[in-house]
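Descriptive analysis of the structure
Here is what each chain is made of, one letter per residue.
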Amino acid sequence: MNFMNKLERKFSKYAISNLTMYLIFGYVAGYVISRFAPGMLGYLTMNPYQILHGQVWRLITWVLIPPSTQSILFYVIMMLFYYQLGMSLERTWGTFRYNVYIFGGILYTAVGAMATWLIMAAFMGNAAYVGAYVGAYVSTYYICMSIFLAFAVCYPNMQVMLYFIIPIKMKWLAYVYAALMIFDFIQSAWPGRIMLVMSLLNFLIFFLTTRDYRRFSPKEIHRKQVYRQAVRQPRSSGGITKHKCAICGRTELDDPSLEFRFCSKCDGNYEYCQEHLFTHQHIKH
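Since the model is a prediction, treat every value here as computed from it, not as a measurement. (Residues numbered from 1 in each chain as written. Predicted model: local features only at pLDDT ≥ 70, side-chain atom pairs only at ≥ 80, totals over all residues. Heavy atoms only, no water.)

Axis separation between helix H6 (residues 95-124) and helix H8 (residues 141-154) bottoms out at 10 Å; the angle between their running directions is 145°. By crossing handedness, the relation of H6 to H8 is classed as right-handed. Contacts from Tyr-98, Tyr-101, Ile-102, Gly-105, Ile-106 and Thr-109 in H6 reach Ile-143, Ser-146, Ile-147 and Ala-150 in H8. Counted by class, the contact of H6 with H8 contains seven nonpolar, three polar and no charged residues. (Axes fitted to C-alpha atoms, helices over the stretch in contact; angles between N-to-C directions. Helix = DSSP H or I, 4+ residues; strand = E, 2+ residues; numbered from the N terminus. Left-handed = near helix turned anticlockwise from the far one by under 90°. Contact = heavy atoms within 4.5 Å. Nonpolar A, V, L, I, M, F, W, Y, C, P; charged D, E, K, R; others polar.)

Written out as structure tokens, the structure reads:
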């Protein structure tokens, strides 16, 4: 996470705000194409063979192909649902980290497709056929699923209305979807298994390498919001201070340019200045 913090400080200005909205627009465009010009979909799919023969746009356009569904009503409900989940995650993590999460899933899927094609073409031959065969398994379904799983980890006890009738917590839905993905993994051919794992690799990396989930909890988010509101309030001209570093003891009166943050890994409300926030030893009771 220290590496991620460094990346965020350096590249956060390039992050795309409201990324979920752009994904939804892409799905809508793909859905319209599938309804009115289905022949064009063959030029949008991820086909490693065609990509290496000049059709490089396929590296991006496969993202336009929405998860398959026959009901337009179900499709609209699904898109609205994932839009709400995605926007909530962006507000929870921040724009940059959410961008890394989504683009990471897209990148891993593309890399997995290329690697699978190379391996299968080496053993089976007929690279053109294998390219189309592998491309048939590449879908944005598991990219959407990674958004759902991430939200379920951050907000496990949030209730949603299943079919607008049955109240159910996100964690139970996550267990059901996890079971369905395990079933898909077992019954799929090896290209499908590789695509499933690579599409969800962003979820595995982003969460399994970070054991401190408290920073994404609703309680922790509320505490940070309260803190930011307190920081924006005008500073008192008297001797009473609002912030004090637990290491060096400096306050905002010592240096108005100092920034103070609470550490989510310390047991208790310990506040640190910008110089000691990432270098102090965490306090555990």
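Structure shown, so let's carry the discussion forward.
In the structure shown here, the tally under the stated rule is one salt bridge. Note that Arg-261 and Glu-259 form a salt bridge whose closest N and O atoms lie 3.8 Å from each other. Judged by its relative accessible area of 44%, Glu-259 is partly exposed. (Salt bridge = Lys/Arg side-chain N within 4 Å of Asp/Glu carboxyl O. Buried < 20%, exposed > 50% of the residue type's maximum accessible area, 1.4 Å probe, protein only.)

Here we come to H6. Spanning 30 residues, H6 covers 43 Å between terminal C-alpha atoms, matching the ideal 44 Å at 1.5 Å per step. Positive backbone phi, at 75°, marks Gly-125, one or two positions downstream of H6. (Expected span 1.5 Å × (residues − 1).)

The next subject is a nonpolar patch on the surface. On the surface, Ile-72, Leu-73, Val-76, Ile-77 and Leu-80 cluster together into a nonpolar patch covering about 460 Å² of accessible area. Within the element layout of this structure, Val-76 appears in helix H5 (residues 72-93). Accessibility expressed as a relative area gives 40% for Val-76, which makes it partly exposed. (Patch = residues over 30% accessible without salt bridge, like charges linked within 9 Å, V, L, I, M, F, W, Y side chains within 5 Å. Areas by Shrake-Rupley, 256 points an atom, 1.4 Å probe, with all protein chains shown as cover.)

In this section: the side chain of Gln-55. Relative to the elements of secondary structure, Gln-55 occurs in the loop between helix H3 (48-51) and helix H4 (58-61). A relative accessible area of 17% means that Gln-55 is categorised as buried. Within the local environment of Gln-55, its side chain forms a polar contact with the side chain of Arg-58, the two groups lying 2.6 Å apart. (Polar contact = N/O pair within 3.5 Å; in protein donor to acceptor, adjacent residues only side chain to side chain.)

Right, let's get into the packing of helix H9 (residues 170-187) against helix H10 (residues 190-199). Packing of H9 against H10 brings their axes to within 7 Å, and their N-to-C directions diverge by 145°. Judged by residue contacts, Met-181, Asp-184, Phe-185 and Ile-186 of H9 engage Arg-193, Leu-196 and Val-197 from H10. Here the residues of the contact of H9 with H10 sort into five nonpolar, no polar and two charged.

By size, the foremost hydrophobic cluster in this structure holds 53 residues, and its most contacted members are Leu-89, Trp-93, Ile-102, Phe-148 and Leu-149. Elements supplying a minimum of two residues to this core: helix H2 (19-36), H5, H6, helix H7 (127-135), H8, H9, H10 and helix H11 (201-208). The element that contributes the greatest number of residues to this core is H6, accounting for 11 residues. Apart from residues lying up to four places away in sequence, Leu-149 is in contact with Ala-174, Met-181, Leu-200 and Phe-203. Grouped together as the second largest cluster of nonpolar side chains are eight residues, Leu-258, Phe-260, Cys-273 and Leu-277 included. (Core = buried A, V, L, I, M, F, W, Y, C linked by side-chain atoms within 4.5 Å.)

Before going further, it helps to examine H10. Most of H10 sits out of view: seven of its 10 residues are buried. Residues of H10 that are buried: Pro-191, Gly-192, Arg-193, Met-195, Leu-196, Met-198 and Ser-199.

Here the focus is the confidence of the model for the protein. Taken residue by residue, the protein gives an average pLDDT of 79. The fraction at 70 or more is 84%. The element-level mean pLDDT for the protein is lowest in helix H12 (residues 218-232), coming to 55, with H3 highest at 88. (pLDDT = per-residue confidence, 0-100.)

Before going further, it helps to spend a moment on the packing of aromatic side chains. Between two aromatic rings, the relevant description is the distance of the centres plus the angle of the planes. One pass over the full model with this rule turns up 10 aromatic pairs. Lying over the aromatic face of Phe-185, Arg-193 brings its terminal NZ or CZ to 5.5 Å of the ring centre. (Phe/Tyr/Trp six-rings, centres within 6.5 Å; stacked < 30°, edge-to-face > 60°. Lys NZ or Arg CZ within 6 Å of the ring centre and 35° of its normal.)

For the rest of this paragraph, the subject is unusual backbone geometry. One non-glycine residue, Asn-18, lies in positive phi territory at about 55°. Along the polypeptide, Asn-18 turns up in the loop between helix H1 (2-11) and H2.

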